[in-house]
Every structure is written in structure tokens, then in C-alpha cells.
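Each chain, letter by letter, is given below.
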Amino acid sequence: MRHNALGVYISIPFCRSKCTYCNFASGVYPASEHTRYVDRVVDDMVSAGAWASKIGVELPRTVDSIYLGGGTPTLLAPELIARLFGSLRSQFDLQADAEITVECAPGQLSDGALEALVQAGVTRVSLGVQSFIDREAHESGRLHGRAIVLEDLKRLRAAGIDNLNVDLIAGLAGQTFASWDESLAILLECGVPHASVYMLEVDEDSRLGREMLSGGARYHAGLVPEDDAIARMYETAVERLDAAGVEQYEISNFGRPGFASRHNLRYWQRRPYVGLGLDASSMLREAGDDAGYVLRSKTTDDLKGFLDRSEPSETAWLSSQRQLEEAWFLGLRLNAGVEVAALRNEFGAAGVNLALGVVNRLVEDGLLAFDGATVRLTPRGRLMSNDVFQEFLSLAEDEQETPQPH
């Protein structure tokens, strides 16, 4: 299975404040690091082709999606944003209709940054709102309020960027069913064509997670709703969004027809992408007509090590069996599900038939639905998706680590 277009992800790890629940490789760093960081990312962009050739992977030159995430990419000076996109266009061939997404924290989009996005050809902006209730947003570490979000949406639309996403989190400290309903109502009133709804997962290395383990009240850990309440909030969001025509197409993602995130879809559909910057992942296929391996690589999450090049990327070659596992647990994230015939065509019948034993058991448990052609998560399965995915990971848990194919 060959893919002729590439996705490019660029991590921008700079924030004005760190959210209480966040465990991403991002933080509050001095602005003096911004230019040095962009220098490193551009260097990696320029050398990507040589790196791919040396390691033996196919790096398509044609790009159909770009995603700047973080962190808050719009904290970069406009000239640095322009430099990143200028380098992208010089090193790759961008399709005329390429989807170009930039993440933005509400209230952190200067006029200069907005103009830089327009000049760069950005087609889509994702706003990390998390809650339209000012108290909930502030207590989770966000710096904005509802009025700022609404103003930013107005400014983006006036600038010609109508493909907009809003992130919400179910389960923030102090959140109630009433406040969640209010956030959902405002989300729908905004008329954005895409929404991402996440159930709060507290990482023990986040500030909120450490407080939940050790006790304390600084980050309001005692006010985090119970798991059952968070699940009901999520189910309410699915129902409300679907009724309004914002259809669920992935566990956490909802869009009006034609507005699904093309870049994010490539992750779940296992199409190639290269990640640049701090803690950025890549998935590329082995070069050659008889290629069968896939390379996954990830850069360091240590900013100092990244900037001084003392921390190398981690790489792993995936065998056909490992790829089949990924095809199950990534494909099942999508409401469209996994087509069994397509898996048999790509991987052969033996491994797929083994997995169907797991499928039948999970169907009996009410976590999967199987009509003989396509396997999908049930609504209950989406709430317990991590448990479902683990069942497919265990199929090859005894397989030895795969050697490099070259």
C-alpha cells in the first residue's frame, strides 16, 4: 500500500502559561529561544530528504496537509511564522488545496500573527477553548474568558478563515452538568464547523495529577468529577452535536459534512507524516518496491537537548504484525470502523482471522459491532476504548523487537 502525499506536523512548544492537566512537551520559555528553535526546525526541514534517504524510508515531496501544534504557535513573531512556511514551500510541493491548520490559544492571537497566518495560506485554525465558563477555564490554567473566544472567532472569520475548530474538555475541576450544557450550547451558537471533545484524562506527571495523588487544593483536584459523571457529559456532547448536524467521525472529533480534519485523519488511516520540532512523531514507509516495514520515529521532549542536538530521535521499525495491530486500534477510533477485507488484502488472512476471535468476544461484551464486513466500536466501546485497544495489542505481545530491515 503506497501513499503519494505527505503530512507535515510542526511542534511549537511555547506557552504563556501551563494548564493544570497538561503533560505535553510544552512550557513557558523565554522569547529569546524562539528564533533558535525555528532555526533548528528549518535545518531539519532542509535535511529531511537526506535523512530519509540515509535511513531508507520514502519521503513524498508532495504535501497535502500541514499542522502547527503545541504549545501556542501564534506566540512566534510574525516573521518567524513566515519563515517556517517559506521553508516548507521551498522544501516541499504543497498541493493547491492543502489543509493548513494552526492551533491557537484564545486571546493570544495578535493582529500581526493573524496577518502572518493569512499570508502563509492557513486554511484552518483550532482554538483551545476547553470551557466557555470563565471560572472553569481560569482554574484549569487558561488565560481567556468567553468574550475573548467569541471575539477571536469573529476576527478569524473577518480575515477569511472560516474552517474553525473548538476544543472542549469534559471533566474539568468544578464542572457540573449545568455548566457543561452551557458550554455545549455556546459551542453550537458559535456555528463552528468542527469540534473536539475530550474526556479529561489526568496524567500523574501533570500538576493536577500530582495533586490528585498527594492531596491539596491549589489546582482544585478535589473538584474533578467522577469518571461516571465525565462519561455522561461526553455522551451528552455526542447527542447534542449529532442533533445539530455536527457528526461524530472519531472518538473525540465531530464535524459538519466536509469539515473533518484531513491532517488528523491521516494518523488514524496510517498515511505518512513527518514530525518536526520538540517531541514530534513521524510515520514513514520503507523505500523500495518490495518494502514492507514502517518506521516510527520521535524527537526528544527535552528542549535543551533538542536545541543543542545532544538528544537523538528514537526510531523503531514495525513489522507487518505490528502494523496490523495499529490498523486495528487506530482504525477503530473512527466511526467508519475497520474493513476486514481491506486488512486481509494488506496483511493476509492468517493474522486478521486471529484478531476476529478477539472481535467476536468483544461483540459479546457489547464493546464492538461486526456486520460481517466492518468492525466498529459501540457507544459503550468508545467509553472503554483503551481497554478494547489493549486486546488487539496483546495479539503479538510475545513477538521479539523488530530489527531494522536494512
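Details of the structure are given in the entry above.
The structure reproduced in this document is the subject of the present report.

Reading guide: rules and limits
Residues numbered from 1 in each chain as written. Predicted model: local features only at pLDDT ≥ 70, side-chain atom pairs only at ≥ 80, totals over all residues. Heavy atoms only, no water. Helix = DSSP H or I, 4+ residues; strand = E, 2+ residues; numbered from the N terminus. Buried < 20%, exposed > 50% of the residue type's maximum accessible area, 1.4 Å probe, protein only. Contact = heavy atoms within 4.5 Å. Phe/Tyr/Trp six-rings, centres within 6.5 Å; stacked < 30°, edge-to-face > 60°. Lys NZ or Arg CZ within 6 Å of the ring centre and 35° of its normal. Polar contact = N/O pair within 3.5 Å; in protein donor to acceptor, adjacent residues only side chain to side chain. Pairing = 2+ DSSP bridges. Axes fitted to C-alpha atoms, helices over the stretch in contact; angles between N-to-C directions. Parallel < 35°, antiparallel > 145°, perpendicular 65-115°, else oblique. Left-handed = near helix turned anticlockwise from the far one by under 90°. Salt bridge = Lys/Arg side-chain N within 4 Å of Asp/Glu carboxyl O. Core = buried A, V, L, I, M, F, W, Y, C linked by side-chain atoms within 4.5 Å. Nonpolar A, V, L, I, M, F, W, Y, C, P; charged D, E, K, R; others polar. Patch = residues over 30% accessible without salt bridge, like charges linked within 9 Å, V, L, I, M, F, W, Y side chains within 5 Å. Areas by Shrake-Rupley, 256 points an atom, 1.4 Å probe, with all protein chains shown as cover. Lys, Arg positive; Asp, Glu negative; His and termini not counted. Charge placed at Lys NZ, Arg CZ, Asp CG, Glu CD.

Comments concerning the overall build of the chain
Summing up its helical and strand segments, the chain has 15 helices and 15 strands in all. Within the chain, the proportion of its 406 residues that are buried is 53%. Taking all contacts inside the chain whose residues are at least 6 apart in sequence as the whole, residues at least 24 apart take part in 70%.

Digging into the packing of aromatic side chains
Using the criterion set out here, one finds seven aromatic pairs in the structure. Aromatic side chains Tyr 267 and Tyr 273 sit 4.6 Å apart centroid to centroid with 80 degrees between the ring planes, which places their arrangement in the edge-to-face category. We classify Tyr 273 as buried; its relative accessible area is 7%. Relative to Phe 389, the ring of Phe 329 lies with its centre 6.3 Å away and its plane at 45 degrees, an arrangement referred to as tilted. In this pair, Phe 329 is assigned in helix α11 (residues 320–331) and Phe 389 in helix α15 (residues 385–393), connecting sequence segments 60 residues apart. According to the relative accessible area criterion, Phe 389 is buried, its value standing at 7%. An aromatic cluster is defined as three or more aromatic residues linked by ring pairs; in this entry it consists of Phe 14, Tyr 37 and Phe 306. Positioned over the ring face of Phe 306 is Arg 40, at 4.2 Å from the centre of the ring.

What to know about the environment of Thr 123
Within the fold, Thr 123 resides in the loop between α3 (111–120) and β4 (124–130). Judged by its relative accessible area of 33%, Thr 123 is partly exposed. Sequence separation between Thr 123 and Leu 164 is 41 residues, and the spatial gap between their C-alpha atoms is 8.9 Å. Ignoring sequence-local partners within four residues, the contact set of Thr 123 consists of Ala 98, Glu 99, Ile 100, Ile 161 and Asn 163. Separated by 2.9 Å, the side chain of Thr 123 and the backbone nitrogen of Ile 100 make a polar contact.

A closer look at the sheet that holds strand β15 (residues 374–377)
What links the strands of a sheet is backbone hydrogen bonding, and the strands pair in either a parallel or an antiparallel sense. Strand order in the open sheet made by the three strands is β13-β15-β14, with antiparallel pairing throughout. Either end of the sheet is taken by a strand with one partner, and the two such strands are β13 (338–339) and β14 (368–370). Each of β14 and β15 is contacted by helix α13 (residues 349–364), which is oriented at about 115 degrees to β14, the strand it contacts most.

Here we look at the packing of α13 against α15
Running from N to C, α13 and α15 cross one another at 155 degrees; their axes reach a closest spacing of 10 Å. Accordingly, the angle class assigned to the pair α13 and α15 is roughly antiparallel. By crossing handedness, the relation of α13 to α15 is classed as right-handed. Across the interface between the two elements, Ala 355, Val 358, Val 359, Arg 361 and Leu 362 of α13 pack against Val 388, Glu 391 and Phe 392 of α15.

A word on the pattern of salt bridges
In total, this model carries 20 salt bridges according to the counting rule given. Between Glu 182 and Arg 146 there is a salt bridge, with the nearest N and O atoms lying 2.6 Å from each other. With Glu 182 in helix α6 (residues 177–190) and Arg 146 in helix α5 (residues 146–158), this pair connects stretches of sequence that are 36 residues apart. Look at Glu 182 and you get partly exposed, because its relative accessible area is 37%. Since its relative accessible area comes to 27%, Arg 146 is described here as partly exposed. Where Arg 361 meets Glu 391, a salt bridge forms, and the shortest distance between an N and an O atom there is 2.9 Å.

Here we look at the nonpolar core
Within the largest apolar cluster, 100 residues are counted, with the highest numbers of intra-cluster contacts made by Phe 85, Trp 328, Leu 332 and Phe 392. Sorting elements by how many residues they give to this core places helix α1 (residues 32–55) first, with eight residues. Once residues within four sequence positions are removed from consideration, Phe 392 is found in contact with Glu 325, Trp 328, Leu 332, Ala 355, Val 358, Val 359, Leu 362 and Leu 368. Counting five residues, the second-largest nonpolar core is a separate cluster that includes Ile 169, Leu 172, Ala 173 and Leu 200.

Topic: the packing of α1 against helix α2 (residues 78–91)
Axis separation between α1 and α2 bottoms out at 10 Å; the angle between their running directions is 5 degrees. For the element pair α1 / α2, the angle class is roughly parallel. Taken together, the residues of α2 that come into contact with α1 (itself represented by His 34, Thr 35, Val 38, Asp 39, Val 41, Val 42, Met 45 and Val 46) are Leu 80, Arg 83, Leu 84, Ser 87, Leu 88 and Gln 91. Among the residues making up the contact of α1 with α2, the classes are represented as eight nonpolar, four polar and two charged.

Details of the side chain of Thr 299
By the element assignment, Thr 299 lies in the loop between β11 (294–298) and α10 (303–307). Looking at Thr 299, its side chain comes within polar contact range of the main-chain oxygen of Gly 277, at 2.6 Å. A distance of 2.9 Å separates a polar side-chain atom of Thr 299 from the backbone nitrogen of Asp 279. Sequence-distant contacts of Thr 299, defined by excluding residues within four places in its chain, comprise Gly 277, Leu 278, Asp 279, Ala 280 and Ser 313.

Description of a negative patch on the surface
A surface patch of like charges, here negative, comprises Glu 235, Glu 239, Asp 242 and Glu 247. Broken down by element, the negative patch gets its largest block of residues, three residues, from helix α8 (residues 227–243). On the secondary structure map, Glu 239 appears in helix α8.

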